[in-house]
Amino acid sequence: MSGGDAAAVELVERGPLLRVRMTGEVDLSNAAELETAIVELMPNEAAGMVLDLSALSYLDSSGIRMLLTLVGRFAWRGQQLAIVSPPGSRVRNVLQLAGASEVLVVDTADDAAIARLLRPDRGGPTS
Amino acid sequence: MDRGRASWNRVGPVVLGSVVLGVAYYVAGRLSLQLSLIEDNVTPLWPPTGIALVAFLVRGRRLWPGVALAAFVLNLPITASPLAAATTAVGNTLAPYVASAVLDRVGFRRELDRLRDAVAIVVVGALSMTISATIGTATLVATGTIAGRASAPAWAVWWAGDAMGVLIVAPFLFCLPSFRDRAFLLGRRGVETVGMLVLVGLVMAGVLTTGTSMLFAVLPIVGVISWRLQQRGAAPAALLVSLMATRAAVARTGPFAGVPLLDEMLTLQAFNASVAFTSFFFAASVTERLRARAALEASAAGLEERVAERTAELRAANARLAEAQELARLGFWEWDLETGRVTWSAEMYRIYGVPPDEEITFERAVELVDPDDRQQIRDNVRHAVEHASAEVPPVEYRVHRDDGSTATLLGRARAVVSGGSVARMLGTVQDVTERHELAREHRIADTLQRALLPQALPEHGAITFASRYVPAEEGSSAGGDWYDVIDLPDGTVALVIGDVAGHGVEAASVMGQVRMAVRAYGLEGHGPRTVVGLVHDLLRSFYEGEQMVTMLYVVVDPVTLEARVVNAGHPPMLVLDPDGGGAVFLEGQTGLPLGLAWDLPYEESIARLRSGSTLVLFTDGLIDRRDVEVGEGLERLRSAAAERVDLDPDALCGALLESLVPADASDDVAIVAARLLAARDRFELRIPADPARLRAVRRSVTRWLAASGVEHEAIADIVLACSEACANAIEHAYGPGEGTVEIEGALHDGQIDLTVRDGGSWREPRVGDRGRGLRLIGACMDEVHIEQTGNGTEVRMRRATHPAAVG
């Protein structure tokens, strides 16, 4: 699954948390397409998605806008989104510069850390 | 201990989930049993089904033990025996289990934002609840709790209750998480939702006291809520209204007072179903429309520019075609046999000497033809029509124009056959009165050749190009010289120059084909040797070794400052060194011309260049003189160039032509010059306002900055700011003719000045988004100025490139 030649979205692992990796560059030309591709990947019963941006070589305000929209759309379904971006990386810097604090960012794709952070809802739909 | 914990981690969530689900199921069930109609056993609205379905979809079907257990415990006090309770529980568990499995299979999405999801939940819900209704009713009959004849209504109530549990309760549960959005709750939409819910509740309450079937009057209100607020309004409204109606039905009040049970059930379920359908389908439809509209708006931006571009291209192509027709004295006509209408091109009118606004029929045209030739023309047409044949033999005939002059014309025609008969005829007419003039053919070849050469050279941030093409003097034959400059996708540039052996129209057409082939192979990403080899193979196989072409193919990389050269029998490339190195021909391997029967591999030579180096490619028309040896001709070129090393490419080409090519040259001359901009120079780039170009802009700017020695960290920041500013400009550019963005960079005194300019009119940015882009630009550059003039917007940015010692 890809967003043109500039970027690609790849499903890494399917489980209670969906792990997805994004590579390439995200800008105005492909952000909308990528957003659709990511939403299509998300099944009803997953508690959330871990979107790994470590391999992304370029991110700007269009990409951040996309991430925020994803957070909103997933929240509608009671699902959470966590972004993986190593500290000190270019993408991490951009996230910080742009002040996208509503987006949950973690340093590494570590299971325990993410599971703790995502805190899937206990008790299902009646909570 | 560890292994115990590990297996608890796997099983734990399932057990916990099941327990919680079971509890929820039980509690909801107990509350719902208050709404029971038949022997305390059957209820018209069974929310636990909806809870179970949602839980299975969202948390997984492995939570089924919770439902089974809860159903069992629920049924115990109201069924004849534990066995009966167990059996009923099986039905209660199986129905939502199957429903969720089927929904997963068809790709159901819990947001219910597509019509297909709405349809899926209705159909699957309705069908799978037959399972629980059947098992449950059978158990009731088997245990004697109800009589056999009561089984049909009992089944109906059961099924309807479970189905409503799915249709009314499940959507509400699905949309619950969305209410956590605080912005929504406290905002205008939240207030509107609450208001609408209160309104519909009041109306419902009113309707339920009237005692008449005004129930359905509440449907339009539910419809409006669904339309205005989509799922977040539709689901709660539907739930509220259905609960109130069900309560009234159970208590036999209002519209349900004194109504027989079956009628009551029918009315109630009809009502509940109407509410469910209205709310969902409206909500899903509106959501789909909103999404489609947003997508449409996004793609419509930029549509105007593309249309304008295409129109301009078409217009230019048409103009060239008209010009070619005129030069060749070639007229074009079309005759629709069904309507009798004849259409003539402008040149036809001129050839026949008829005023351009006169209406033409076949008869009028034939009138002008010499009487001796008319019969032949009529015969041809008749033959084509009768035999429905597409072939019409060419005819040479004379016409006598109204002004008294006579001309000899050569007419070619074709019949367009459709459905077994001739519907249209079309053809050309050429004035061959002067057919023996070579000049005519020469002009045709010339026009063709010009049309096949590049119309404009590409703009490249790091290289300046110039070119000249001078056709041979009239009276001699035009050769097949061509040149091309190709912007390769990786930021390098291919310079091509070549000479097709032969002359006239044939050579020109071969030239066009070769030019396209080189372009195609080059853009595909092949290296120079491969490109040349592929074109050679193509020519060889197509013309069977009979067509020879010489070519020079050079790929220039402005970052590595390297030129990779492959020479197929062509004069060598000239390299001008900016710093007093003069002009030097690139000595390297020269292979055989393309297209010959032999297949020897082509070698690549590398030229090391410097910033400011100029490359000159030329065809032999520049150096071949009748009385001069080839070696001497080359030397003349070299010294002429060496004297003019500092000229820019355009002036250089002009100067070389002037000094080397006499006015009566017998051969074509083509010349291409390319100069690598010095590392410290300016950067200029112009792009159409198309988001797909952003990546190439980032690449170009990166290469320029890297070649100029700017430090890595600064490059990333500057490129980000530039891309943001361009994306900004692209989103502004709105309206025909305003679709270009200009980028200018200058590096001086340890700082970079970057300007992004567009000609668009300001378009309101999406709320919140532009702020982020501007914030990024501000964070990456030291200074930012944005100026909006009447003609567009200019963003000027500045950044120091060598970090000063910070205090």
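Remember, predicted model here, so these are calculated numbers, not experimental data.

Bringing the overall build of chain A into the picture now. Scanning chain A from N- to C-terminus turns up four helices and seven strands. Its helices and strands in sequence order give chain A the pattern β-β-β-α-β-β-α-β-α-β-α, from N to C terminus. Looking at chain A residue by residue over its 127 residues, the buried ones come to 53%. Restricting the contact set of chain A to residue pairs at least 6 apart, pairs at least 24 apart contribute 64%. Total accessible area computed for chain A in this model is approximately 5,200 Å², and 51% of it derives from carbon and sulfur atoms.

Moving on, we get to the overall build of chain B. A count of helical and extended segments in chain B gives 23 helices and 21 strands. The burial tally for chain B puts 48% of its 807 residues in the buried class. Counting only contacts in chain B whose residues sit at least 6 apart along the sequence, the fraction spanning at least 24 positions is 68%. Carbon and sulfur atoms provide 57% of the accessible area of chain B, an area that totals close to 38,000 Å².

Moving on to the pattern of salt bridges. Residues and elements named next belong to chain B. Summed over the entire model, instances satisfying the criterion amount to 39 salt bridges over all chains. Where Glu 742 meets Arg 686, a salt bridge forms, and the shortest distance between an N and an O atom there is 3.7 Å. Here Arg 686 lies in strand E17 (residues 683-688) and Glu 742 lies in strand E18 (residues 740-748), a separation of 56 residues in the sequence. With relative accessibility at 27%, the residue Glu 742 sits in the partly exposed group. Here Arg 686 falls in the partly exposed class, since its relative accessible area comes to 44%. The network of salt bridges with shared partners includes Arg 686, Glu 742, Glu 744, Arg 757, Glu 787, Glu 794 and Arg 796.

It is worth spelling out the sheet that holds strand E5 (residues 421-431) of chain B at this point. Residues and elements named next belong to chain B. The antiparallel open sheet is built from five strands, whose spatial order is E2-E1-E5-E4-E3. Each end of this open sheet is capped by a strand with a single partner; those strands are strand E2 (342-344) and strand E3 (391-400). On average, each strand axis in the sheet is inclined to that of its neighbour by 20°, with strand direction left out of account. Summarising the sheet, strand E1 (residues 330-336) and E2 pair through three bridges and their orientation is antiparallel.

Looking now at the sheet that holds strand E12 (residues 582-585) of chain B. Residue and element names in this part refer to chain B. Strand order in this open sheet of five strands is E6-E16-E15-E11-E12, and the pairing throughout is antiparallel. In this open sheet, the two strands that pair with only one neighbour each are strand E6 (463-470) and E12. On average, adjacent strands in this sheet sit at an angle of 20° to one another, irrespective of strand direction. Summarising the sheet, strand E11 (residues 574-577) and strand E15 (residues 614-618) pair through three bridges and their orientation is antiparallel. Residue pairing in the sheet places Leu 576 in a bridge with Thr 614 of E15. Where helix H19 (residues 630-642) meets the sheet, its contacts fall on E11, E12 and E15, and the angle it forms with E12 comes to roughly 150°. On the sheet, helix H20 (residues 649-660) packs against E6, E11, E15 and strand E16 (669-676) and is oriented at approximately 30° with respect to E6.

With that settled, consider the packing of helix H6 (residues 151-175) of chain B against helix H10 (residues 231-251) of chain B. Residue and element names in this part refer to chain B. Running from N to C, H6 and H10 cross one another at 140°; their axes reach a closest spacing of 8 Å. It follows from the interaxial angle that H6 and H10 lie oblique. For the pair H6 and H10, the sense of crossing is left-handed. Here H6 contributes Ile 168, Val 169, Pro 171, Phe 172 and Cys 175 to the contact with H10, which in turn contributes Gln 231, Arg 232, Ala 235, Pro 236, Ala 238, Leu 239 and Ser 242. Grouping the constituent residues of the contact of H6 with H10 by class yields nine nonpolar, two polar and one charged.

Moving on, we get to the interface of chain A and chain B. Interfaces are often sized by the amount of accessible area the parts lose when they come together. Residue-level contacts link 35 residues of chain A with 49 residues of chain B. Counting each side, the surface lost to burial between chain A and chain B is near 3,600 Å², with a carbon and sulfur contribution of 53%. Summed over the shared surface of chain A and chain B, the number is six salt bridges. Among the ionic pairs, A:Glu25 bridges to B:Arg695, the shortest N-O distance being 4.0 Å. In this assembly, chain A and chain B are joined by nine residue pairs in polar contact (both at pLDDT 80 or more). Elements supplying a minimum of two residues to the side of chain A that touches chain B: helix H1 (31-41), strand E5 (56-59), helix H2 (61-76) and helix H3 (90-98) of chain A.

Take the confidence of the model for chain B next. Per-chain confidence: chain B averages 82 in pLDDT, with 89% of residues scoring 70 or above. What the predictor reports for the complex is a pTM of 0.47 with an ipTM of 0.87.

Glancing now at the side chain of B:Thr49. Residues and elements named next belong to chain B. Note that Thr 49 resides in helix H2 (residues 47-59). Residue classification places Thr 49 among the buried residues on the basis of a relative accessible area of 4%. Contacts of Thr 49, omitting those with residues within four sequence positions, involve Tyr 25, Pro 96, Met 129, Asp 162 and Val 166.

Attention now goes to the confidence of the model for chain A. Averaged over all residues, the pLDDT of chain A is 79; the fraction at 70 or higher stands at 79%. Low confidence marks residues 120-127 of chain A, where pLDDT is under 50. Its contacts with residues over four positions away, or in another chain, come to 17 contacts.

Its location among the elements puts B:Arg401 in the loop between E3 and strand E4 (406-418). With residues up to four places along the chain from it excluded, the contact list for B:Arg401 reads B:Arg350, B:Ile351, B:Tyr352, B:Gly353, B:Ala407 and B:Asp431.

How two aromatic rings sit relative to each other is given by the distance of their centres and the angle of their planes. All names here are of chain B. Under the criterion given, the structure shown has twelve aromatic pairs over all chains. Ring geometry for Trp 155 versus Trp 159: centroids 6.1 Å apart, planes at 5°, classification stacked. One end of the pair, Trp 155, and the other, Trp 159, are both in helix H6, four residues apart, so they sit about a helical turn from each other. You can call Trp 155 partly exposed: its relative accessible area is 30%. Look at Trp 159 and you get partly exposed, because its relative accessible area is 28%. Taken together through their ring pairs, the aromatic side chains of Phe 277, Phe 280 and Phe 281 make up a single cluster. Taking NZ or CZ as reference, Arg 61 lies 5.8 Å from the ring centre of Tyr 97, over its face.

Residue and element names in this part refer to chain B. Where burial is concerned, most of strand E9 (residues 549-557) is hidden: nine out of the nine residues are buried. Burial along E9 is two-sided: Val 549, Met 551, Tyr 553, Val 555 and Asp 557 and Thr 550, Leu 552, Val 554 and Val 556, pointing in opposite directions, are all buried. The sheet contact formed by strand E8 (residues 493-500) and E9 spans eight bridges and is antiparallel. Each bridged residue has a counterpart across the sheet, and for Asp 499 the counterpart in E9 is Thr 550.

To continue, consider the environment of B:Val200. Residues and elements named next belong to chain B. Structurally, the position occupied by Val 200 is in helix H8 (residues 188-210). The buried category is assigned to Val 200, whose relative accessible area is 0%. As a C-alpha pair, Val 200 and Val 241 span 41 residues in sequence and 7.5 Å in three-dimensional space.

This next bit is on the nonpolar core. Core analysis: the biggest nonpolar cluster contains 68 residues, and A:Met22, A:Ile38, A:Met49, A:Leu51, B:Leu705, B:Ile743 and B:Met797 have the highest contact counts within it. In terms of residues, this core owes the most to one element, helix H22 (residues 712-732) of chain B, which gives twelve residues. Excluding its chain neighbours within four sequence positions, the residues that come into contact with B:Ile743 are B:Phe683, B:Glu684, B:Leu685, B:Ile687, B:Val697, B:Cys722, B:Cys726, B:Leu754, B:Thr755 and B:Val756. The next biggest cluster of nonpolar side chains, apart from the first, holds 46 residues, and it includes B:Val67, B:Ala120, B:Met129 and B:Leu173.

As a further point, take a nonpolar patch on the surface. A cluster of nonpolar side chains, contributed by B:Val11, B:Val15, B:Val19, B:Val23, B:Val27 and B:Leu31, occupies part of the molecular surface with about 490 Å² of accessible area. Looking at the element boundaries, B:Val23 is found in helix H1 (residues 2-33).

Residue and element names in this part refer to chain B. Pairing of E3 with E4 involves eight bridges; the strand directions are antiparallel. Note that in E4 the partner of Val 399 across the bridge is Ala 407. The hairpin turn running from E3 into E4, its antiparallel successor, is five residues long, and Gly 404 in that turn takes a positive phi close to 100°.

Take helix H9 (residues 219-229) of chain B next. Residues B:Leu219, B:Ile221, B:Val222, B:Gly223, B:Ile225, B:Ser226 and B:Leu229 constitute the buried set of H9(B). The first or second residue beyond H9(B) is B:Gln230, which carries a positive phi of 50°.

Quick notes on the rules
Residues numbered from 1 in each chain as written. Chains lettered and ligands numbered in written order. Predicted model: local features only at pLDDT ≥ 70, side-chain atom pairs only at ≥ 80, totals over all residues. Heavy atoms only, no water. Helix = DSSP H or I, 4+ residues; strand = E, 2+ residues; numbered from the N terminus. Buried < 20%, exposed > 50% of the residue type's maximum accessible area, 1.4 Å probe, protein only. Contact = heavy atoms within 4.5 Å. Areas by Shrake-Rupley, 256 points an atom, 1.4 Å probe, with all protein chains shown as cover. Salt bridge = Lys/Arg side-chain N within 4 Å of Asp/Glu carboxyl O. Pairing = 2+ DSSP bridges. Axes fitted to C-alpha atoms, helices over the stretch in contact; angles between N-to-C directions. Parallel < 35°, antiparallel > 145°, perpendicular 65-115°, else oblique. Left-handed = near helix turned anticlockwise from the far one by under 90°. Nonpolar A, V, L, I, M, F, W, Y, C, P; charged D, E, K, R; others polar. Buried area = accessible area lost by both parts, 1.4 Å probe. Polar contact = N/O pair within 3.5 Å; in protein donor to acceptor, adjacent residues only side chain to side chain. pLDDT = per-residue confidence, 0-100. Phe/Tyr/Trp six-rings, centres within 6.5 Å; stacked < 30°, edge-to-face > 60°. Lys NZ or Arg CZ within 6 Å of the ring centre and 35° of its normal. Core = buried A, V, L, I, M, F, W, Y, C linked by side-chain atoms within 4.5 Å. Patch = residues over 30% accessible without salt bridge, like charges linked within 9 Å, V, L, I, M, F, W, Y side chains within 5 Å.

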